[in-house]
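Observations on the three-dimensional arrangement
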Amino acid sequence: MKFYEVEAQKVLEEVGSCEAGLSAAESAKRLEENGRNKLKEAKKVPLIVRFLKQLADPMIIILIVAAAVSAGVEIFHGIQSGHWSFPSDVVIILAVVLINATLGVFQESKAEKAIEALQEIAAATSKVIRDGRQITVRSEELVVGDVIVLEAGDAVPADARIIECASMKIEEAALTGESVPVDKKVEALTAGPNGDVPLGDRKNMVFMGSTVVYGRGKAVVTATGMDTEMGKIADALAQAEEGKTPLQRKLADLSKILTYLVIGICVVIFAVQLIRDGVGFDTVISSFMIAISLAVAAIPEGLATVVTIVLSIGVTNMSRRSAIIRKLTAVETLGCTQIICSDKTGTLTQNKMTVVKHYGDDEALLATAMSMCSDAQMDAQKGEAVGEPTECALVNYAFKLGLDKTQQNTQYVRVGEVPFDSMRKMMTTVHNYGGELVQFTKGAPDEILKRCSRIIINGEEVDLTEELRAEVLSANKEMADSALRVLAASMKRLSAEPGEYSSEALENELCFVGLTGMIDPVRPEVKPAIDECRSAGIRPIMITGDHKDTAVAIAMQLGIITDKAQAITGSELDNISDEEFETAVENYSVYARVQPEHKTRIVNAWRKKGMVTAMTGDGVNDAPSIKNADIGVGMGITGTDVTKNVADMILADDNFATIVAAAGEGRRIYDNIRKAIQFLLASNLSEVLAIFTATLMGFAIFQPVHLLWINLITDCFPALALGMEKPEADIMKRKPRDAGEGIFADGLGFAVAYQGIIVTVITLVSYLIGRYVLATAHHAEAIAAGAYSAEMLGSSMAFLTLSMCEIFHSFNMRSLHGSIFTVKGQNKWLWGAGLLSLILTTAVIEIPFLADAFELAHLDLTEYGIALGLAILIIPIVECVKLVQRLIKKKKSKK
């Protein structure tokens, strides 16, 4: 049954209820049969599944395989020799894998808890009639057939058919996008030409998620939980697919590249070893160990952890700025966003009607007339009016002029009224003002003017001539053209109390007082935020259910559009095919009078053009498009639970400017992650090339445990410190990067290659000096005594040089293209990481039991100095290359 098309009594019969409501027993029975009045909660992913997902990365899988092979070799040796020991490299590999997975799971769980803290039930309790009397119950305990009592300020707890209505107005902005409250009624509706009544026009129905702002009424519940209109929208969200973020795609590609690289190099080395040394068990085992070394060297074990931690730091920074990030990569995605589709009501505007313009000779009298001829009242604690939004605007307007309605109520005592109705488009109140009866009438300007014969000019009542009438109409048109909602006020002094309070008796021979123009004003911080979006190459798009004129006025005020032709309505959009719209989408920046399906269509059209798209909003109607966007941004204060659940990021302060801060943070994070990636890949490439070259030359330069130490200690700490770098000065003046841009774009691939080669050469030089020069000159006796070998000394020199070379190189990465000597400020984290790595690496070489575990030889001061001296060469070499690159770029820009 379409409940809105039949009389209220038939609805009560259909749902098995009556005006006295259900009995307690019947309601309990229905609750048991049909379930609670609540939306479905998304199934939580089990902890073990979350943990296993963290292990699904190809880089992690290769590490686990490498650990398994190493353990297998050790077990085989144990069986042969009878001496068992668990290899240290396996312990370190497994520790890295577990720490990374645990970090990822912990951060996801932390974000989910933050969301749970934000979510509050909109209507926690409801007034309901059961067994003929009014009681209060938990909203989730409502059932179909319950008769609910609604008053101003109540949140509607379920979908229901109105059976009693006294001037009730409902704000349905969260569901329909319409910012003006809807007048409700009891009478049945007639279906339109298409055989149905649009959701926004079902004036005898109330819907879950809406709010009563004026009047009172009763309604019988017709749908609960997922069967409500809000539930249908929530259920449709499951159809939207979630895609990977740009960074996830880049790291996935990088994992594949590294996987193929490791396999390829291992096969080559394995073949070279077999060809050179022949096929045999010892050769196979030796080749496997070298393959493990190569796997460890080629894979930046710290990369996944570094990226996770850097993103976590971004999440923490955002939470301090009132943005709660639900997914680690959400900030990064926002950082490369090219389009921000934003709802108008409550997001760009304050969702609070405000008088911004007036016309009339006596503003104080105008404000008094508007305030007294309304039912909104001042709330002393809040310092503002409560009630229907339009009337609140009028009372607040008077309050700002020093006219407190609470005090005026004692001066202007209301003795009678003619309530507003949509046919007359006006309202009248009569007051006793010091023994004199004063009538105030407010309403639509054209209707009020029809009933006026006089006007106040210079404090006196004069005849309303055609010239003066034309002047008033001109002022009304000027306000209306500015998309203001215009109301007129008039008054009349009565000689005696009227015999009846009716329109016919009172609303005539009025004296025109003035006009007020009101609008839902923009948030003061939005204009600067949009200006910053423009300078950052981000295009803001307004999508609203409000009228086109209002949307255009707000958009032009904010600088979203410069011409009315850049705005389009939902009905006009319906006449454009998907193919045509994909071409024309760039022509429009304002969409008015849209439905939820329009919003999703707009978002998808931009995404099909390859644009990274964000969608902000607070209402249920925003949820499907938020789900479909690359990043959905929900509102924490005014946002509905459905919207919060699908959003990637929630603005706890509902502040549009927070999005701009998040965009800047996202760009900073991506820049820093690129620095960390370049640093880690160059370091790992140098390790691979060093092992590859040494193997071809017939010697082993590093053991697997050496490389793991360098990757986890020497590399990870500086990489994390690079993640703490402050943003570049021009970070919000650049155009958004292309989402399809490869991880090696902008010269990163070349930089990794040449820097890796330089570090390799420096490392090999250090090994050769240690083995062939210093071993003979400084350690002949120790070598002869068998304390250690010349190869161990060479490896120790190479180990220290490579470790410190990478530390020094991390300072090069503070700017990918600029000189490090021009970077403003210092990164205290990087200095700390460098010092810590130096201390730990020195400890491994100099502390006997650690040196024995790592198979390293003691270095004297001369050897230590030579190793460090070689390592620091990376800074001047890279500085020279950067200088040449800048000169070439400058020369090209002049052509």
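Given the structure is predicted, the values throughout are model-derived calculations rather than measurements.

This next bit is on the overall build of the protein. Secondary structure assignment for the protein yields 34 helices and 25 strands. Considering only contacts within the protein whose residues lie at least 6 apart along the sequence, 73% involve residues at least 24 apart. Accessible area of the protein: about 38,600 Å², with a carbon and sulfur share of 58%.

What you tend to see is this: most non-glycine residues have negative phi, and most peptide bonds are trans. The phi torsion at Ser322 lies on the positive side, around 70°, for a residue other than glycine. Residue position: Ser322 is located in the loop between helix H10 (301-320) and strand E8 (323-325). Positive phi outside glycine occurs at Asn458, with the angle close to 55°. As for its position among the elements, Asn458 is in the loop between strand E16 (452-457) and strand E17 (460-463).

A surface patch of nonpolar side chains, amounting to about 320 Å² of accessible area, comprises Val45, Ile48, Val49 and Leu52. Structurally, Ile48 can be placed in helix H3 (residues 47-54).

If you look at the biggest cluster of nonpolar residues, it comprises 84 residues, and the most contacted ones within it are Phe512 and Ile560. Counting residues per element, this core draws most heavily on helix H26 (residues 656-697), at 13 residues. Of all hydrophobic cores here, the second largest spans 46 residues; its members include Ile710, Leu764, Phe854 and Ile875.

Another point: the pattern of salt bridges. Working definition: two side chains of opposite charge can pair if their charged atoms are close together. Tallied over the full model, the rule gives 34 salt bridges. A salt bridge links Arg30 to Glu26; the shortest N-O distance between them is 2.7 Å. Separated by four residues within a single helix, Arg30 and Glu26 lie in helix H2 (residues 24-34), roughly one turn from each other. Here Glu26 falls in the partly exposed class, since its relative accessible area comes to 25%. A salt bridge links Asp578 to Arg601; the nearest nitrogen and oxygen atoms lie 2.9 Å apart. Here Asp578 is found in helix H22 (residues 578-584), whereas its partner Arg601 is found in helix H23 (residues 596-608), with 23 residues between them in sequence. For Asp578, a relative accessible area of 39% corresponds to the partly exposed category. Shared partners join several salt bridges into a network, and the residues in it are Lys2, Asp196, Arg202 and Glu229.

Our next topic: the packing of helix H27 (residues 704-722) against helix H30 (residues 790-812). The contact between H27 and H30 brings their axes to 10 Å, and the two run at 15°. It follows that H27 is roughly parallel to H30 by the angle criterion. In terms of crossing hand, the pair formed by H27 and H30 is right-handed. Where H27 abuts H30, its residues His706, Trp709, Ile710, Thr714, Asp715, Pro718 and Leu722 lie against Phe799, Leu802, Ser803, Glu806, Ile807 and Ser810. Here the residues of the contact of H27 with H30 sort into seven nonpolar, four polar and two charged.

The residue Thr211 is located in strand E7 (residues 211-223) in this model. Through-space distance from the C-alpha of Thr211 to that of Glu171 is 5.2 Å; in sequence the pair is 40 residues apart.

Our focus in this paragraph is the side chain of Thr429. Within the secondary structure, Thr429 is located in strand E14 (residues 426-433). Accessibility expressed as a relative area gives 0% for Thr429, which makes it buried. Separated by 2.8 Å, the side chains of Thr429 and His431 make a polar contact.

It is worth spelling out the pairing of strand E23 (residues 613-617) at this point. With five of five residues buried, E23 lies mostly within the body of the structure. Two elements, E23 and strand E24 (residues 631-635), share four bridges in a ladder whose sense is parallel. Within E24, the residue paired with Thr616 across the bridge is Val633.

On to the packing of aromatic side chains. Per the counting criterion, the structure on display carries seven aromatic pairs. On the basis of an interplanar angle of 10° and a centroid distance of 4.3 Å, the ring pair of Tyr412 and Tyr433 is categorised as stacked. Highlighted residues: Tyr412 in strand E13 (residues 412-421) and Tyr433 in strand E14, separated in sequence by 21 residues. What makes Tyr412 buried here is its relative accessible area of 12%. For Tyr433, a relative accessible area of 36% translates into the label partly exposed. Aromatic pair Phe581 and Tyr591: ring centres 6.3 Å apart, planes at 85°, arrangement edge-to-face. Separated by 10 residues along the polypeptide, Phe581 in helix H22 and Tyr591 in strand E22 (residues 590-592) bring together distant segments of the chain. Of the two residues examined, Phe581 and Tyr591, each falls in the buried class. Members of the aromatic cluster, connected to one another through ring pairs, are Tyr412, Tyr433 and Phe440. In this arrangement the basic side chain of Lys169 is found over the ring face of Tyr214, its NZ or CZ atom lying 5.5 Å from the centre.

We now examine the packing of H27 against helix H31 (residues 828-846). Relative to each other, H27 and H31 sit at 170°, their axes nearing to 7 Å. One finds that H27 runs roughly antiparallel with respect to H31. Relative to H31, the crossing made by H27 is right-handed. In this structure, H27 contributes Trp709, Ile713, Thr714, Phe717, Pro718, Ala721 and Leu722 to the contact, and H31 contributes Trp829, Leu830, Ala833, Leu836, Ser837, Leu840, Thr841 and Val844. For the contact of H27 with H31, the residue count by class is 12 nonpolar, three polar and no charged.

Assignment of secondary structure puts Ser815 in the loop between H30 and H31. On the accessibility criterion, Ser815 (10% relative accessible area) is buried. Excluding its chain neighbours within four sequence positions, the residues that come into contact with Ser815 are Val823 and Lys882.

Turning to helix H28 (residues 748-778), a few remarks are in order. What sets the pattern is the α-helix's 3.6 residues per turn: residues three or four places apart point alike. Helix length check: H28 (31 residues) gives 42 Å between terminal C-alpha atoms against 45 Å at 1.5 Å per residue, within 8%. Of all the bends in H28, the greatest, near 35°, is centred on Gly770.

Further remarks concern the sheet that holds E23. Pairing within the open sheet is mixed, and its eight strands lie in the order E8-E25-E24-E23-E9-E20-E22-E21. Pairing within the sheet leaves two strands with one partner each, and these edge strands are E8 and strand E21 (567-569). The mean angle between the axes of side-by-side strands here comes to 20°, regardless of whether they run parallel or antiparallel. Summarising the sheet, strand E9 (residues 339-343) and strand E20 (residues 539-543) pair through five bridges and their orientation is parallel. If you follow Ile339 over to E20, its bridge partner there is Arg539.

The residue Val705 is located in helix H27 in this model. For Val705, a relative accessible area of 10% translates into the label buried. Through-space distance from the C-alpha of Val705 to that of Phe854 is 6.9 Å; in sequence the pair is 149 residues apart.

Attention shifts here to the pairing of strand E18 (residues 485-494). Among the 10 residues that make up E18, eight are buried, leaving the element largely enclosed by the rest of the structure. Summarising the sheet, strand E15 (residues 436-443) and E18 pair through seven bridges and their orientation is antiparallel. Bridging from a neighbouring strand, Phe440 pairs with Met491 of E18. By the bridge criterion, seven bridges tie E18 to strand E19 (residues 510-519) in an arrangement that is antiparallel. Across the sheet, residue Ala488 finds its bridge partner in E19, namely Leu515.

Attention now goes to the confidence of the model for the protein. Averaged over every residue, the pLDDT of the protein is 84; residues scoring 70 or more account for 89%. Counting contacts from residues 117-123, a segment whose pLDDT is below 50, to residues more than four positions away or on other chains yields 13 contacts.

Attention now goes to H26. With 42 residues, H26 should reach 62 Å at 1.5 Å per residue; the first-to-last C-alpha distance of 61 Å fits that figure. Taking burial as the measure, the 42 residues of H26 include 34 buried ones, the bulk of the element. Among the residues trailing H26, Gly698 stands out with phi positive, at a value near 95°.

Quick notes on the rules
Residues numbered from 1 in each chain as written. Predicted model: local features only at pLDDT ≥ 70, side-chain atom pairs only at ≥ 80, totals over all residues. Heavy atoms only, no water. Helix = DSSP H or I, 4+ residues; strand = E, 2+ residues; numbered from the N terminus. Contact = heavy atoms within 4.5 Å. Areas by Shrake-Rupley, 256 points an atom, 1.4 Å probe, with all protein chains shown as cover. Patch = residues over 30% accessible without salt bridge, like charges linked within 9 Å, V, L, I, M, F, W, Y side chains within 5 Å. Salt bridge = Lys/Arg side-chain N within 4 Å of Asp/Glu carboxyl O. Core = buried A, V, L, I, M, F, W, Y, C linked by side-chain atoms within 4.5 Å. Buried < 20%, exposed > 50% of the residue type's maximum accessible area, 1.4 Å probe, protein only. Axes fitted to C-alpha atoms, helices over the stretch in contact; angles between N-to-C directions. Parallel < 35°, antiparallel > 145°, perpendicular 65-115°, else oblique. Left-handed = near helix turned anticlockwise from the far one by under 90°. Nonpolar A, V, L, I, M, F, W, Y, C, P; charged D, E, K, R; others polar. Polar contact = N/O pair within 3.5 Å; in protein donor to acceptor, adjacent residues only side chain to side chain. Pairing = 2+ DSSP bridges. Phe/Tyr/Trp six-rings, centres within 6.5 Å; stacked < 30°, edge-to-face > 60°. Lys NZ or Arg CZ within 6 Å of the ring centre and 35° of its normal. Expected span 1.5 Å × (residues − 1). Bend = angle between axes of the 7 residues up to and from the residue. pLDDT = per-residue confidence, 0-100.

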